[in-house]
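The residues making up each chain are set out below.
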Amino acid sequence: MQIISVFDIFKIGVGPSSSHTLGPWKAALAFRELLPELLEVVSVKVLLYGSLSKTGIGHGTDIAVQLGLEGFDPETIETADIPFHIGRIKANRLLQLAQRADGPVSVPFDPAKDIIFEQRSRTFHPNGLTFIARLRSGRKVRRTYYSIGGGFIVREGSVSQLETRKRIPFPTETAEELLHYCRSSGKSVAEIVRANELREYTADDLNAKIDRYLRVFAGVVHKGCIAPEVNLPGGLSVKRRARKMAARLLGAPASSDPAAFDAQLRAISPDFTTVTSWVSCFALAVNEENAALGRVITSPTNGAAGVIPAVLFYYRYFCKGASPATERNFFLVAGEIGSLFKKNATISAAEGGCQAEIGVSSAMAAAALTEALGGTPEQTLMAAEIAMEHHLGLTCDPIGGLVQIPCIERNAMGAMKAITAANLALQSEADDAVVDLDSVIRTMLDTARAMHEDYKETAEGGLAVRVSVAAASC
């Protein structure tokens, strides 16, 4: 059985894509660790396959593998410095693989020649990449990895680390098993998840780690709401909207001070139009940051990173009863629902279309909100089912291969669907539901398998071919 922590579902990293940016970045770091001696490396090549090849430029795959090979950590790198590092590699045609007292140790590397975009796919997964390093001895070190969605990677021929973790008190493979644990123990979904996580962390450490992630969520929303109204990178001329939208809703610019921004939000009069506009603003703010290679959290992916914080902020600022403790429960529930989809379907748009990203994120947020608002475990899982049911078949067709159109607005739509799903579940008798969560997860996987490859993050179908990149605007 796979044992997936909530911190496997939620990963702090850099935009714009968890499968095309964060996953390849982590693969490059993993390959770097495998090399017997960095000082002995004389050349490196990277081969990108399938979806990584077809939309890799738009998703920053080429940038990610270069930064990973140089040893930068996506969780801690100063994102403002990324253009400098990439410009340096391009100008000097050198990768800095190691550092000695007398200076960096570099190897020749021309991104235009040494990153090779193979149009074919490998059989295991559409997102494949191979690293080849030649050593001074003449020996070659070659490894192939697959970026399987949400920042998860698998090395060809290896056993997943998710299979080898400590045993947990409530091992859960399906929603039915999760509900059984809740009923037999009298615990909520969050309490079940917390009990599992406490096998890895002390209670204080777990709370501290969740709080850190909640602060990152808040930080990216705030940063997106104060970022200049400039065009996002990539050539589509998509202008940031969150700053102007926030200013209109507040009647004044969003404060650059996080505490003052929090106070501004707490002073809002929560009428329906204002609240729904703010939910959209929160989601846009996050995914505009994601599109600009900013720091976000996979939720469960980068392309869907805005749904969870948008619904979390809806709960924090417009619902009664929000507190640090209930927000931690929100986080735990969302992560557990994401893990059910990861185990039994997919969270990779290259495998399943956007239903696997925005759909899963909406289901995660719906369940989390439902429990936070006092829902039963049955209602919590019902909300997740409702949210996914109404994302089934959603395609991934990014214009220009960029995580911008329709991706940014889809986060706002996914957040609103999550809130609607939670409200429906809270007003319903869960025992009367015709469709259960496990059934909709299996249906999502069936739909993913039946979906045409053109609609799986290849930029070869849908809006990606209907709308000219030269004419595209937002």
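Residues numbered from 1 in each chain as written. Predicted model: local features only at pLDDT ≥ 70, side-chain atom pairs only at ≥ 80, totals over all residues. Heavy atoms only, no water.

**A closer look at the layout of surface pockets**
Right, on to step 1. Roughly 470 Å³ of volume is contained in the second largest pocket.
Right, on to step 2. If you trace the second largest pocket, you find 26 residues lining it, with I63, P233, A291, A292 and L293 closest to the centre.
Right, on to step 3. Sorting the residues of the lining of the second largest pocket by element identifies helix 4 (56-59), helix 5 (61-69), helix 6 (82-92) and helix 13 (272-291) as the ones contributing at least two each.
Right, on to step 4. When grouped by side-chain class, the residues that make up the lining of the second largest pocket number 15 nonpolar, 7 polar and 4 charged. (1 Å grid on protein atoms, 1.4 Å probe; cavity = no way out; pocket = protein on both sides within 12 Å on 5 of 7 lines; lining within 4 Å. Points joined across faces, edges and corners; volume = space filled by probe spheres on them. Helix = DSSP H or I, 4+ residues; strand = E, 2+ residues; numbered from the N terminus. Nonpolar A, V, L, I, M, F, W, Y, C, P; charged D, E, K, R; others polar.)

**What to know about the packing of helix 14 (residues 307-318) against helix 17 (residues 358-372)**
Right, on to step 1. Interaxial distance between helix 14 and helix 17 falls to 9 Å at its minimum, and their mutual angle equals 20 degrees. Between helix 14 and helix 17, the interaxial angle falls into the category roughly parallel. The element helix 14 and its partner helix 17 pack so that their crossing is right-handed. Mapping the contact onto sequence places V307, I308, V311, Y314 and Y315 in helix 14 and I358, S361, S362, M364, A365, L369 and A372 in helix 17.
Right, on to step 2. Within the contact of helix 14 with helix 17, the residues separate by chemical class into 10 nonpolar, 2 polar and no charged. (Axes fitted to C-alpha atoms, helices over the stretch in contact; angles between N-to-C directions. Parallel < 35°, antiparallel > 145°, perpendicular 65-115°, else oblique. Left-handed = near helix turned anticlockwise from the far one by under 90°. Contact = heavy atoms within 4.5 Å.)

**A short note on the pattern of salt bridges**
Right, on to step 1. Applying the stated criterion across every chain yields a total of 16 salt bridges.
Right, on to step 2. Here K54 ties to E460 by a salt bridge, and the two come within 3.6 Å at their closest N and O atoms. Of this pair, K54 sits in helix 3 (residues 50-54) while E460 sits in the loop between helix 20 (437-450) and helix 21 (463-466), and the two are 406 residues apart along the sequence.
Right, on to step 3. For D397, the salt bridge is made with R410, and the minimal N-O distance between the two is 3.6 Å. One end of the pair, D397, is in the loop between helix 18 (377-389) and helix 19 (407-426); the other, R410, is in helix 19, and 13 residues separate them in sequence. (Salt bridge = Lys/Arg side-chain N within 4 Å of Asp/Glu carboxyl O.)

**So, the sheet that holds strand 6 (residues 128-135)**
Right, on to step 1. Here we have 5 strands laid out as an open sheet, ordered 5-2-6-7-8, and mixed in their pairing. In this open sheet, the two edge strands, each paired with only one partner strand, are strand 5 (115-117) and strand 8 (152-155). If you compare each strand with its neighbour and ignore which way they point, the axes differ by 25 degrees on average.
Right, on to step 2. Pairing between strand 2 (residues 41-48) and strand 6: 7 bridges, direction antiparallel. Paired with S43 across the bridge in strand 6 is R134.
Right, on to step 3. Against the sheet, helix 2 (residues 18-34) engages strand 6, strand 7 (140-149) and strand 8, with an angle of about 150 degrees to strand 7. (Pairing = 2+ DSSP bridges.)

**What about the nonpolar core?**
Right, on to step 1. In terms of nonpolar packing, the biggest core is built from 103 residues, with F10, F331, I337, F341 and L437 touching the most fellow members.
Right, on to step 2. Those residues in contact with I337 that lie beyond four places of it in its chain are A363, M364, A367, L381, A384 and L437.
Right, on to step 3. By size, the runner-up hydrophobic cluster in this structure holds 26 residues, among which are L38, V65, V105 and V107. (Core = buried A, V, L, I, M, F, W, Y, C linked by side-chain atoms within 4.5 Å. Buried < 20%, exposed > 50% of the residue type's maximum accessible area, 1.4 Å probe, protein only.)

**Brief notes about the environment of K140**
Right, on to step 1. Examined against the element boundaries, K140 turns out to sit in strand 7.
Right, on to step 2. When the C-alpha positions of K140 and V41 are compared, they lie 9.3 Å apart, and in sequence the two are 99 residues distant.

**Quick notes on the packing of aromatic side chains**
Right, on to step 1. If you walk through the whole model with that rule in mind, you get 15 aromatic pairs.
Right, on to step 2. Taking the centre distance of 4.4 Å and the plane angle of 25 degrees together, the rings of F10 and F331 count as stacked. Of this pair, F10 sits in the loop between helix 1 (6-9) and strand 1 (12-14) while F331 sits in helix 15 (residues 324-344), placing them 321 residues apart in sequence. The same class applies to F10 as to F331, namely buried.
Right, on to step 3. Judged by centre distance (5.1 Å) and plane angle (75 degrees), the rings of F282 and F313 are edge-to-face. Linking F282 in helix 13 with F313 in helix 14, this pair joins segments that are 31 residues apart in sequence.
Right, on to step 4. For F313, a relative accessible area of 1% translates into the label buried.
Right, on to step 5. A cation over an aromatic ring shows up here: R122 above the ring of Y49, its NZ or CZ 5.2 Å from the ring centre.
Right, on to step 6. The ring of F152 has K342 sitting right over it, with the charged end atom 4.6 Å from the ring centre. (Phe/Tyr/Trp six-rings, centres within 6.5 Å; stacked < 30°, edge-to-face > 60°. Lys NZ or Arg CZ within 6 Å of the ring centre and 35° of its normal.)

**Side note on the state of the cysteines**
Right, on to step 1. Under the defined criterion, the tally for this structure stands at 0 disulfides.
Right, on to step 2. Note on C225: no disulfide assigned, nearest cysteine sulfur contributed by C281 at a separation of 4.0 Å.
Right, on to step 3. Judged by its relative accessible area of 1%, C225 falls in the buried class.
Right, on to step 4. The structure places no disulfide on C319, whose sulfur is separated from the nearest cysteine sulfur, that of C281, by 17 Å.
Right, on to step 5. Owing to a relative accessible area of 15%, C319 belongs among the buried residues under this scheme. (Disulfide = S-S within 2.5 Å.)

**Quick word on empty space enclosed by the protein**
Right, on to step 1. Going through the model one piece at a time under the given rule, you end up with 2 cavities of 30 Å³ or more.
Right, on to step 2. In this structure, the largest cavity occupies an estimated 130 Å³ of space.
Right, on to step 3. As for the largest cavity, its lining consists of 14 residues, of which G303, E357, C396, V403 and C407 are closest to the centre.
Right, on to step 4. The residue inventory of the lining of the largest cavity, partitioned by class, reads 8 nonpolar, 3 polar and 3 charged.

**Section: a positive patch on the surface**
Right, on to step 1. The grouping of R120, R134, K140 and R142 at the surface amounts to a positive patch.
Right, on to step 2. With respect to the element layout, R142 can be found in strand 7.
Right, on to step 3. Residue class for R142 comes out partly exposed when judged on its relative accessible area of 47%. (Patch = residues over 30% accessible without salt bridge, like charges linked within 9 Å, V, L, I, M, F, W, Y side chains within 5 Å. Areas by Shrake-Rupley, 256 points an atom, 1.4 Å probe, with all protein chains shown as cover. Lys, Arg positive; Asp, Glu negative; His and termini not counted. Charge placed at Lys NZ, Arg CZ, Asp CG, Glu CD.)

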